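Residue-level structure breakdown
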Amino acid sequence: QVQLVESGGGLVQAGGSLTLSCAVSGNIFSIDAMGWYRQAPGKQRELVATISSGGGITNYADSVKGRFTISRDYGKNTMDLQMNSLKPEDTAVYYCNAVTVFSRTYWGQGTQVTVSS
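Not measured: the values here are computed from a predicted model.

**Focus on the pattern of salt bridges**
Scanning the model with the defined rule gives 4 salt bridges in all. Between Asp90 and Arg38 there is a salt bridge whose closest N-O contact spans 2.9 Å. Pair noted here: Asp90 is in the loop between strand E8 (78-83) and strand E9 (92-100) and Arg38 is in strand E4 (residues 31-39), with a separation of 52 residues, a long-range link. Across this residue pair, the class does not change: Asp90 and Arg38 are buried.

Here is the structure:
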């Protein structure tokens, strides 16, 4: 089992920055890859960014490239998402995701990010 708890969401003006953090616990050594997803009202959940188990490979949605940075801190067992130049269209609930080497998927409870114009 893997437990994921997000934090760091909130209200920010357009152009501002936020850093989301995902605390990871449980069978962390089984984790293969992790990522951030988001879901806006009335829309499907979409991928924001992913990071490989070693942290060497990252992938971003086109809509956030150049503005968001995903990273992992193995000492603290956390995964962060640094979000800069935020836009109103970034408003969504952001979810932490982990996929294990056994192909099991885990989700956090989500954290709300609201960007005002």
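Having seen the model, we can carry on.
**Concerning the nonpolar core**
The tendency in soluble globular proteins is for nonpolar side chains to be buried side by side. Counting residues in each nonpolar core, the largest one holds 30 residues, and the members touching the most others are Leu4, Met34, Trp36, Leu81, Met83 and Tyr94. Looking at this core, the elements with two or more residues in it are strand E1 (2-7), strand E3 (18-26), E4, strand E5 (46-52), strand E7 (68-73), E8, E9 and strand E11 (111-116). Every residue in contact with Met34, bar those within four places of it in the chain, is listed here: Leu4, Cys22, Val24, Ala49, Thr50, Ile51, Ile70, Arg72, Met79, Cys96, Asn97 and Ala98.

**Topic: the pairing of E3**
In this structure, E1 lies alongside E3, joined through 6 bridges in antiparallel fashion. Across the sheet, residue Leu4 finds its bridge partner in E3, namely Val24. Note that E3 and E8 share 6 bridges and pair antiparallel. Considered in E8, the bridge of Ser21 is made with Asp80.

**Quick look at the packing of aromatic side chains**
Across all of its chains, the model carries 2 aromatic pairs by this definition. Pairing Tyr37 with Trp107 gives two aromatic rings, centres 5.1 Å apart and planes at 75°, and the pair type is edge-to-face. Taken together, the residues Tyr37 in strand E4 and Trp107 in strand E10 (residues 105-107) connect sequence positions 70 residues apart. The exposure class of Trp107 is partly exposed, given its relative accessible area of 37%.

What counts and how
Throughout this document, residue positions are counted from 1 along each chain, in the order its sequence is written. With pLDDT at 70 or above as the cut-off, local features in this predicted model cover only qualifying residues; side-chain atom pairs require 80 or more to be listed or tallied, and sums for whole chains, interfaces and linings still use all residues. For side-chain calculations, the full set of non-hydrogen atoms in the structure is used, while hydrogens and water are omitted. Between Lys or Arg on one side and Asp or Glu on the other, a salt bridge is scored when a side-chain nitrogen of the former is within 4 Å of a carboxyl oxygen of the latter. Only DSSP runs of H or I covering at least 4 residues are called helices, and only runs of E covering at least 2 are called strands; the numbering of each starts at the N terminus. Three labels apply to residues, based on accessible area from a 1.4 Å probe with only protein chains included: buried if under 20% of the type maximum, exposed if over 50%, partly exposed otherwise in between. Residue types Ala, Val, Leu, Ile, Met, Phe, Trp, Tyr and Cys, when buried and joined through side-chain atoms within 4.5 Å, form a set referred to as a nonpolar core. Contacts are residue-level and defined by heavy atoms, with any inter-residue pair within 4.5 Å sufficient. When DSSP locates at least two bridges between a pair of strands, those strands are taken to pair. By convention, a stacked pair of Phe, Tyr or Trp rings (six-membered ring in the case of Trp) has centres within 6.5 Å and planes under 30 degrees apart, an edge-to-face pair has planes over 60 apart, and any other such pair is tilted.

It is worth stressing that arrangement in space is one thing and function is another; only the former is reported here.
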